[in-house]
Amino acid sequence: MAENASTNSWQPIETAPKDDTLVDLWRPWIHSNGRVYGGERCTDMRRVELAPDNIFYSPDYSGPSCVRDATHWMLAPEPRKELN
């Protein structure tokens, strides 16, 4: 896991873990004029590296099938424990 992963804040995507760690990703929505007008958080994503120049993130459960345009990441929160 990446060294700075101990913080639970958004980190540049270049610093994301290179292993099988679950992360949340931030994808900005960019207008055709180049301005960011929002974005979306993609949760529980895993890194997939098919080749050094073919890296993307895939959801562990459901969501976008392939994310290549994320700009930031943070550790995925721990799953909730069932109350008995």
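Fair warning: this is a prediction, and the values are worked out from it, not measured in the lab.

What counts as what
Along each chain, the written sequence defines residue order, and numbers are assigned to residues from 1. Selection of residues for local features in this predicted model requires a pLDDT of at least 70, selection of side-chain atom pairs for listing and counting requires 80 or more, and totals for whole chains, interfaces and linings are taken over all residues. Only hydrogens and water are set aside; all other atoms, that is, all heavy atoms of the structure, feed into the side-chain values. Helix numbers and strand numbers start at the N terminus; a helix is a DSSP run of H or I with at least 4 residues, a strand a run of E with at least 2. Buried residues are those whose accessible area, probed at 1.4 Å on protein chains only, stays under 20% of the maximum for their type, while exposed residues exceed 50% and partly exposed ones sit between those limits. Throughout, a residue-residue contact means that at least one pair of heavy atoms, one from each residue, lies within 4.5 Å. What sets the accessible areas is the Shrake-Rupley method with a 1.4 Å probe; for residues, cover comes only from the shown protein chains. The salt bridge definition used is simple: a Lys or Arg side-chain nitrogen within 4 Å of an Asp or Glu carboxyl oxygen. Counted charges follow a simple rule, with Lys and Arg positive, Asp and Glu negative, and His plus the chain ends left uncounted. Stacked, tilted and edge-to-face are the three classes applied to pairs of Phe, Tyr and Trp rings, where Trp contributes its six-membered ring and a pair requires centres within 6.5 Å; stacked means planes under 30 degrees apart, edge-to-face means over 60, and tilted covers the rest.

**Student:** Would you explain the overall build of the protein chain in this entry?
**Tutor:** Across its full length, the protein chain carries zero helices and five strands. When the elements of the protein chain are put in sequence order from the N terminus, they spell out β-β-β-β-β. Looking at the protein chain residue by residue over its 84 residues, the buried ones come to 30%. Summarising the internal contacts of the protein chain: among those between residues at least 6 apart in sequence, 46% fall at separations of at least 24. Working note: accessible area of the protein chain is about 6100 Å², and carbon and sulfur atoms make up 51% of it.

**Student:** Before we go on, may I ask you to explain the pattern of salt bridges in this structure?
**Tutor:** Side chains carrying opposite charge are able to pair once their charged atoms draw close together. Taken as a whole and judged by the stated rule, the model has six salt bridges. One salt bridge connects R46 with D20, and the closest N-O pair in it is separated by 3.3 Å. Taken together, the residues R46 in strand 3 (residues 36–51) and D20 in the loop between strand 1 (11–12) and strand 2 (23–30) connect sequence positions 26 residues apart. On the basis of relative accessibility, which here comes to 23%, the residue R46 falls in the partly exposed class. The closest approach of N and O atoms between D69 and R27, which form a salt bridge, is 2.8 Å. Residue D69 is located in the loop between strand 4 (54–59) and strand 5 (72–75), and its partner R27 is located in strand 2; the two are separated by 42 residues in the primary sequence. The exposure class assigned to D69 is partly exposed, which follows from its relative accessible area of 37%. Where salt bridges share partners, they join D20, R46 and D60 into one cluster.

**Student:** Would you take a moment to explain the side chain of D44 for this structure?
**Tutor:** Considering the arrangement of structural elements, one finds D44 in strand 3. Buried within the structure, D44 lacks any salt-bridge partner; its nearest side chain of opposite charge belongs to R46, at an N-O separation of 8.0 Å. The contact partners of D44, leaving out residues within four places of it in the chain, are L22, V23, D24, S58, P59, D60, Y61 and A76.

**Student:** Looking at this model, I keep getting lost on the packing of aromatic side chains. Mind explaining?
**Tutor:** Pairs of aromatic rings are described using the distance from one ring centre to the other and the angle between the two planes. Scanning the entire structure with this criterion turns up two aromatic pairs. Residues W29 and Y37 carry aromatic rings whose centres are separated by 6.1 Å and whose planes lie at 45° to one another, so their mutual orientation is tilted. For W29, a relative accessible area of 39% translates into the label partly exposed. For Y37, a relative accessible area of 54% translates into the label exposed.

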